[in-house]
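Letter by letter, the chains look like this.
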Amino acid sequence: MGQSSRTPRTVAVLLGGPSAEREVSLSSGRECATALREEGFEVTELDAGSDLCDRLREISPDVVFNALHGRWGEDGCVQGLLEWLGIPYTHSGVLASALAMDKQRSKDAFRAAGLPVVESLICAKEEVRARHVMAPPYVVKPNNEGSSVGVYLVHEVANGPPQLSDDMPDDVMVETFAPGRELTTTVMGDKALTVTDILTDGWYDYDAKYKPGGSRHIVPADIPTEIFDLCMDYAVRAHDALGCKGLSRTDFRWDEARGADGLILLETNTQPGMTPTSLSPEQGTKTGISFGAMCRWLVEDASCHR
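Conventions used here
- Residues numbered from 1 in each chain as written.
- Predicted model: local features only at pLDDT ≥ 70, side-chain atom pairs only at ≥ 80, totals over all residues.
- Heavy atoms only, no water.
- Pairing = 2+ DSSP bridges.
- Helix = DSSP H or I, 4+ residues; strand = E, 2+ residues; numbered from the N terminus.
- Axes fitted to C-alpha atoms, helices over the stretch in contact; angles between N-to-C directions.
- Salt bridge = Lys/Arg side-chain N within 4 Å of Asp/Glu carboxyl O.
- Buried < 20%, exposed > 50% of the residue type's maximum accessible area, 1.4 Å probe, protein only.
- Core = buried A, V, L, I, M, F, W, Y, C linked by side-chain atoms within 4.5 Å.
- Contact = heavy atoms within 4.5 Å.
- Polar contact = N/O pair within 3.5 Å; in protein donor to acceptor, adjacent residues only side chain to side chain.
- Disulfide = S-S within 2.5 Å.

Novice: Looking at this model, I keep getting lost on the sheet that holds strand β3 (residues 63–66). Mind explaining?
Specialist: Consider a sheet: its strands pair through backbone hydrogen bonds, and that pairing is either parallel or antiparallel. Spatially, β2-β1-β3 is the arrangement adopted by the three strands of the open sheet, whose pairing is parallel. Of all the strands in the sheet, the pair left with one neighbour each is β2 (42–47) and β3. Direction aside, the axes of adjacent strands within the sheet are offset by 25 degrees on average. Bridge count between strand β1 (residues 10–15) and β2: six bridges; the pairing is parallel. What sits directly across from Thr10, in β2, is Glu42.

Novice: Please clarify how the pattern of salt bridges should be interpreted in this entry.
Specialist: For the structure on display, the rule yields 19 salt bridges. A salt bridge links Asp251 to Arg249; the shortest N-O distance between them is 3.1 Å. Overall, the relative accessible area of 10% leaves Asp251 in the buried class. Linking Arg306 and Asp301 is a salt bridge whose minimum nitrogen-to-oxygen distance equals 2.8 Å. The network of salt bridges with common partners includes Lys107, Lys141, Glu175 and Glu267.

Novice: Before we go on, may I ask you to explain the nonpolar core in this structure?
Specialist: As a rule of thumb, nonpolar side chains are buried together in soluble globular proteins. Among the nonpolar cores identified, the biggest contains 26 residues, and Phe110, Leu183, Val195, Ile223, Phe252, Leu263 and Leu265 are the most heavily contacted of them. Among the secondary structure elements, those contributing two or more residues to this core are α5 (103–112), β8 (181–188), β9 (191–199), α8 (225–242), β11 (247–254) and β12 (263–269). For this core, the leading source of residues is α8, giving ten residues. Excluding anything up to four places from it in sequence, Phe252 contacts Arg181, Glu182, Leu183, Thr184, Thr185, Cys231, Tyr234, Ala235, Leu263, Ile264, Leu265 and Leu266. Formed by 22 residues, the second largest nonpolar core is a distinct cluster that contains Val63, Leu193, Ile289 and Val299.

Novice: Please clarify how the side chain of Ser248 should be interpreted in this entry.
Specialist: Relative to the helices and strands, Ser248 is located in strand β11. For Ser248, a relative accessible area of 1% corresponds to the buried category. There is a polar contact of 2.7 Å between the side chain of Ser248 and the side chain of His239.

Novice: Help me understand α5 in this model?
Specialist: Quick reminder: α-helices carry 3.6 residues per turn. Residues three or four places apart thus point the same way. Inspection of α5 places Lys103, Gln104, Ser106, Lys107, Ala109 and Phe110 among the buried residues, and these make up the whole buried set. Elements that come into contact with the buried residues of α5 comprise α4 (94–101), β4 (120–124), β5 (138–142), β7 (171–176), α8 and β12. With its phi angle positive at about 75 degrees, Gly114 sits one or two positions after the end of α5.

Novice: What exactly am I supposed to notice about the pairing of β12 here?
Specialist: For a regular strand, side chains alternate in direction, first toward one face of the sheet and then toward the other. With respect to burial, β12 is a largely interior element, six of its seven residues being buried. One ladder, built from six bridges, connects β11 with β12; its direction is antiparallel. Each residue of the ladder has a partner; that of Phe252, found in β12, is Leu265.

Novice: Whenever I open this one, the state of the cysteines confuses me. Can you help?
Specialist: One way to say it: the disulfide is the covalent bond shared by the sulfur atoms of two cysteines. Evaluation of the coordinates by the stated rule reveals zero disulfides. Take Cys244: it sits in no disulfide, and the sulfur closest to it among the cysteines is that of Cys77, at 16 Å. Cysteine Cys295 remains unbridged, with the sulfur of Cys32 as its closest cysteine sulfur at 4.0 Å. Taking relative accessible area as the criterion, Cys295 reaches 0% and is therefore assigned buried.

Rendered as structure tokens:
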């Protein structure tokens, strides 16, 4: 558990912030703040702006609950600020956050740990617009954003390269498309909770993740025991390979036709969504951990030097 010398009573919930995932973070943060108040904590909701350092000094909370998503909040930046201020905080530390947010470097860590990932390249946006940089089907995404923001699927029958929008970063990740079912596993502490099978009518995009009815979740997933157990094992190994703390969620693709060889690790999320439709709280509930209990555990697990 956390390294605080006493049980934390006052909690600052960081939410919002300047990233592309601001709206989801606002929703996550409000839900967590409500749950923590019901658990008996004194909670301040803090929209993470440029005055964050001053506000935290002013509030002087026992713990910061990090409900930020995307850049700044999930990539090691705010974690570094909290280390500097000496305020215990939830979820992963500076290095694990930065590693997980950089999809290419996290893939390198997964490969080194013997985990199955697809081939990928970092390419200039203009090059990706100009020609197929790998044989279709492939996926193009920002290297350091989450929640399927700006993800392009280039089909096998694609006539030309994808016309990426101007708001995509100058350098993007291009990776081989992994076909199959969407599976995900949450790790809480050092233990995998369960496996969810995510069913959507099409691409599992931002709307499918966050809008009610955008996707259906089968929890626990109705898949062969071997694949279920591999997801649980791979999720813990991915959590450890990146040095994650608190809560993480690892996403997979499983091509049923290839059995165990068809299970591919896509990425690990160090700040899983905590909204009513989010996967990690749902997995907690299905394994006997209420939303309030999950939020309380995260606060009690908080520390510096993560």
